[in-house]
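Architecture at a glance
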Amino acid sequence: MIIDELEPLVRGAVEGACQAGALPPSARDCAYTVEPARNRDHGDYTTNAALTIASACGLPPRAAAAGIVEHMALDGSPVETVEIAGPGFINFRLKSDWLQGVIVEIERAGSAYGHNITMAGHRVLLEFVSANPTGPISVVNGRAAALGDSLRRLFMASGAEVATEFYVNDALNSTQIDLLAASLEARYRQALGHEAEVPAEGYQGDYLIRIAADLARTYGASLAELPDAERPDRFRTLAIETMLERQRQDLAVFGVEFDRWFLESSLYESGAVTSAIESMQVAGFTYEKDGAVWLRTTELTGDDQDRVLVRSDERATYVAADAAYHKDKFDRGFTDLVNIWGADHHGYVARLKAGIKALGYDSDRCSIILTQMILLTRDGELVKGSKRAGDVIPLADLVEEIGRDASRYYCLLTSYETTASFDLEVAKRESADNPVYYAQYAHARCSAVLRRAEESRLPEVNASDVERSLLRNPKELELLRVLAEYPREVQLAAESKAPHRLTAYVRVIGQALHQFYEECPALKDDVPFPVRDARLALFRATRTVVANLLGLLGVAAPDRM
RNA sequence: GCGCUCGUGGCUCAGUGGAUAGAGCAUCUGACUUCGGAUCAGAAGGUCGGGGGUUCGAAUCCCUCCGAGCGCGCCA
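Residues numbered from 1 in each chain as written. Chains lettered and ligands numbered in written order. Predicted model: local features only at pLDDT ≥ 70, side-chain atom pairs only at ≥ 80, totals over all residues. Heavy atoms only, no water.

A closer look at the overall build of chain A
- Check the secondary structure of chain A and you find 22 helices and 15 strands.
- In terms of overall dimensions, chain A has C-alpha extents of about 85 × 60 × 40 Å along its principal axes.
- Split into buried and exposed, the 561 residues of chain A put 50% on the buried side.
- Put simply, 71% of the contacts in chain A that link residues at least 6 apart link residues at least 24 apart.
- Here chain A displays about 25,200 Å² of accessible surface, and carbon together with sulfur accounts for 48% of that area.
- Positive and negative side-chain charges in chain A, numbering 60 and 82 respectively, have mean positions lying 3 Å apart. (Helix = DSSP H or I, 4+ residues; strand = E, 2+ residues; numbered from the N terminus. Buried < 20%, exposed > 50% of the residue type's maximum accessible area, 1.4 Å probe, protein only. Contact = heavy atoms within 4.5 Å. Areas by Shrake-Rupley, 256 points an atom, 1.4 Å probe, with all protein chains shown as cover. Lys, Arg positive; Asp, Glu negative; His and termini not counted. Charge placed at Lys NZ, Arg CZ, Asp CG, Glu CD.)

Right, here's the structure in full:
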C-alpha cells in the first residue's frame, strides 16, 4: 500500500530535519497523517506534518515544511515531485511507472487484492440480528444482517478469524415466548373452528394464522386435547420451531447464513446461567432486595439503575442469561466480540457490559453497534408495517419487490448511525438513478469488453508483460490512482466497521472507469496492439477490484446485465 | 424529566481537526458512424439547525438553546 511507503519517507525526513537542527527534537513526537489528496490539483498524496509540527514547536508552518522537504530521501521512492502548498501542506505526486505497476499487483493478488493483515490474530465473534422468534425478520433486522455479513467479509479480508451467530431467545421462562405460545394456541383453536381470542398483549400478525392452519392439518384436534400441564410447553416448542425456520428462510433468501444459531435455552440446560449468577454473587456484585437478586450495574458501568438478575419467583432474567452467553463467547477463545443491535436497545448496553465485568472479563473487548432505523417510502409516501405482518415490514417483502442485491446494497449505502430512508419505486427501477446498478454496471462493462476481445480471439497478455508505460492518458492514470487506493479503503472500512465507505468508493471507481472507457478505446481498429493490450489489462484489473469490492458487500458482480 | 443518537443544496446521503464542504436523484444544456447510453461532459443549487467557546485551522471537539427519533420493567 502506497501510504506504507510514504509514511516512513515523511518520518525519515522529520528525523533528518531534527538531526540537522532544522526542527527541534520535540518534532519527533508530533502526530500527523499521510493521506490521498482530496483535490487532484494538490497532487496524489498529502501530509499535514509541517502544520502540526509548526503548531507544537511554534514555528512558521512553511518554514517547517521546507525543513522537512529538504531532508526527504526521494531516490528510489514512488514520489515524482514534492511541493509545499497552502498553509504548509506537503504534497506528493507519484511517478507514473509506480501507478502503472498497480495492475501487475492486482493481477498477481487476484481475488485477494486489497486484503490486509491488520486484524491477524484476532478471533472475532459477530453476533447480529438475534431477533426474537416471535415474528418474521423485518427490514430493520435486514439492515443488521447486511451489515453483519459485510463486516464478516471485511474482517476476514483483514486477516481475522470470524464466526457469526444468531442468538435465539427461546428460553422457556420468557414472558414473550409465553405470549407467542398463547397466541398460536388461540389461532390453532380458531383454525379448528373453536371460539378463541389472541391475548390482547399477544402477537396479532397473520403469520401465526398460517402456522396454526398447518398445525391443524398435521395434528388435527389432538393438540387441543392435551392436558393443561403439557399443552403450553407443547405450543411453546412448536411456536419456536416454526418461527425459527421461517426466520432462517427469510435470511437465506437475503443471502445471509450464520455459523451457529445459539439457543438461549442451552445456557439454562448446561447450568451456565446458574453458575454465572453464582459467580457474580461470589464476586460481590449483587445484593438481595424485595426477594430478588440485583446486579450492581450502576456501580459497574454507570447504568441509571441496578438490574434484576433473579426474579422473586426465582426465574433468571435475560440479563443473567446474556451475561452467561458472553462469558461463553470469551471462554470459546474469541478475542473480539461484536454485537449489532437495533438502536432501541441502546439502554441495554450498560447492562450487558456490567454483566461482562461482573464475570471478570474485559467489557472493552465487546463492542456494540447500534443500527438506526430504515424507513421505506413509495412515491414519497412512508410505508408502514401492516397489522397483518405484526406492525413490521417483512424483509422477505422487500427482497421480493426489489431483489436481493438492491436490498443489500441499499442497506449498506448509508452509515448505520443515521436513520436511512429510500424509495421502493426508485430502488426497483433498473435505471441510472439506482446506485446498485451503477456499481454492477462497472463490472459488467469490463466483462463486456474483455468478452469481446476473447470472441475476437485476441491473445491475453499478462499485466506484467504489457507495455504499461503506454497507459499515460490522464484518464488511465486517474483510474490507476483510484485502483491503488482500494487496499486502504478496505482497511479503513474494516477499522471503522463501515462498509458504507465502500459503496461510496465504488462510485469513484465507476466514474474513473467510465471516463477511461469513453476516452481510451481498446478494441477500435486504429488502436495499436501494444496500447490495446495495455488497456485490456487495465480493464481486467478494474474488473478484479470491482468484483472484490462487491464481494465484500455480498452483492453479485454480474458479467452481463 | 433523565439518557442515547441525529439535524449538511428541493430530495436521499458522504465527509477519520485541515486547503474552495462533496456525491447521487430531481431540474436545465450538450454528446450515440455505441469496444454496452444502466454511460459521459457541463450548468444551477449551501448562513453544514441557532448561538457561544477551544485552535494556526471546526460540518467534525466542548457548552448552550431549538427540532426529530429512540430508550428509561422482577419484558426480551
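Don't stop here, the text continues.
Observations concerning a nonpolar patch on the surface
- On the surface, a nonpolar cluster with roughly 320 Å² of combined accessible area is contributed by Val140, Met373, Leu375 and Leu382.
- Tracing the sequence through the fold places valine 140 in helix 6 (residues 139–157).
- The exposure class of valine 140 is partly exposed, given its relative accessible area of 31%. (Patch = residues over 30% accessible without salt bridge, like charges linked within 9 Å, V, L, I, M, F, W, Y side chains within 5 Å. Salt bridge = Lys/Arg side-chain N within 4 Å of Asp/Glu carboxyl O.)

Observations regarding the packing of helix 7 (residues 175–191) against helix 9 (residues 231–253)
- At a minimum axis separation of 8 Å, helix 7 and helix 9 run at an interaxial angle of 95°. Considered as vectors, helix 7 and helix 9 are oriented roughly perpendicular to each other. Where helix 7 abuts helix 9, its residues Ile177, Asp178, Leu180, Ala181, Leu184, Glu185, Tyr188 and Arg189 lie against Arg231, Pro232, Phe235, Arg236, Leu238, Ala239, Ile240 and Met243.
- Among the residues forming the contact of helix 7 with helix 9, the class breakdown is 11 nonpolar, no polar and 5 charged. (Axes fitted to C-alpha atoms, helices over the stretch in contact; angles between N-to-C directions. Parallel < 35°, antiparallel > 145°, perpendicular 65-115°, else oblique. Nonpolar A, V, L, I, M, F, W, Y, C, P; charged D, E, K, R; others polar.)

Regarding the packing of helix 18 (residues 435–455) against helix 22 (residues 529–553)
- Relative to each other, helix 18 and helix 22 sit at 145°, their axes nearing to 9 Å. Crossing handedness for the pair helix 18 and helix 22: left-handed. Residues Ala439, Gln440, Ala442, His443, Cys446, Ser447, Val449, Leu450 and Ala453 of helix 18 form the contact with helix 22, whose own contacting residues are Leu536, Phe539, Arg540, Thr542, Arg543, Val546, Ala547 and Leu550.
- Taken together, the residues of the contact of helix 18 with helix 22 break down into 11 nonpolar, 4 polar and 2 charged. (Left-handed = near helix turned anticlockwise from the far one by under 90°.)

Re the nonpolar core
- Ile68 and Phe155 are the most contacted members of the largest nonpolar core, which has 124 residues in total.
- In terms of residues, this core owes the most to one element, helix 22, which gives 12 residues.
- Grouped together as the second largest cluster of nonpolar side chains are 34 residues, Tyr167, Leu300, Ala320 and Trp341 included. (Core = buried A, V, L, I, M, F, W, Y, C linked by side-chain atoms within 4.5 Å.)

A short note on the side chain of serine 158
- Mapped onto the secondary structure, serine 158 falls in the loop between helix 6 and strand 6 (161–168).
- Judged by its relative accessible area of 0%, serine 158 is buried.
- With sequence-adjacent residues up to four places away left out, serine 158 is seen in contact with Asn116, Ile117, Thr118, Met119, Ala120 and Ala494.

Things to note about the sheet that holds strand 9 (residues 292–295)
- Ordered by their spatial adjacency, 3 strands build an open sheet running 8-9-10, and the pairing between neighbours is antiparallel. Of all strands in the sheet, those with a lone pairing partner are strand 8 (286–289) and strand 10 (307–310), marking the two edges. The average angle at which neighbouring strand axes cross in this sheet is 45°, direction not considered.
- With 3 bridges connecting them, strand 9 and strand 10 associate as antiparallel partners. Opposite valine 293, over in strand 10, you have valine 310 as the bridge partner. (Pairing = 2+ DSSP bridges.)

Digging into the protein's contact with RNA strand B
- The local shell around RNA strand B holds 64 residues, among which Phe89, Arg311, Tyr318, Tyr441 and Arg445 are the closest.
- Here, RNA strand B places atoms within 4 Å of the protein, and 61% of those atoms are sugar or phosphate.
- Histidine 346 has a polar side-chain atom sitting 2.5 Å from a base nitrogen of RNA strand B.
- Take histidine 500: an N or O atom from its side chain is 3.0 Å from a phosphate oxygen of RNA strand B.
- For the surface near RNA strand B, the secondary structure elements donating two or more residues are helix 2 (49–57), strand 4 (89–94), helix 7, strand 15 (420–423), helix 18 and helix 21 (500–519).
- No other element matches helix 18, which puts 9 residues into the surface near RNA strand B.
- Across the surface near RNA strand B, the residue classes break down as 22 nonpolar, 23 polar and 19 charged. (Near = heavy atom within 4 Å. Polar contact = N/O pair within 3.5 Å; in protein donor to acceptor, adjacent residues only side chain to side chain.)

In short, geometric facts, not functional conclusions.
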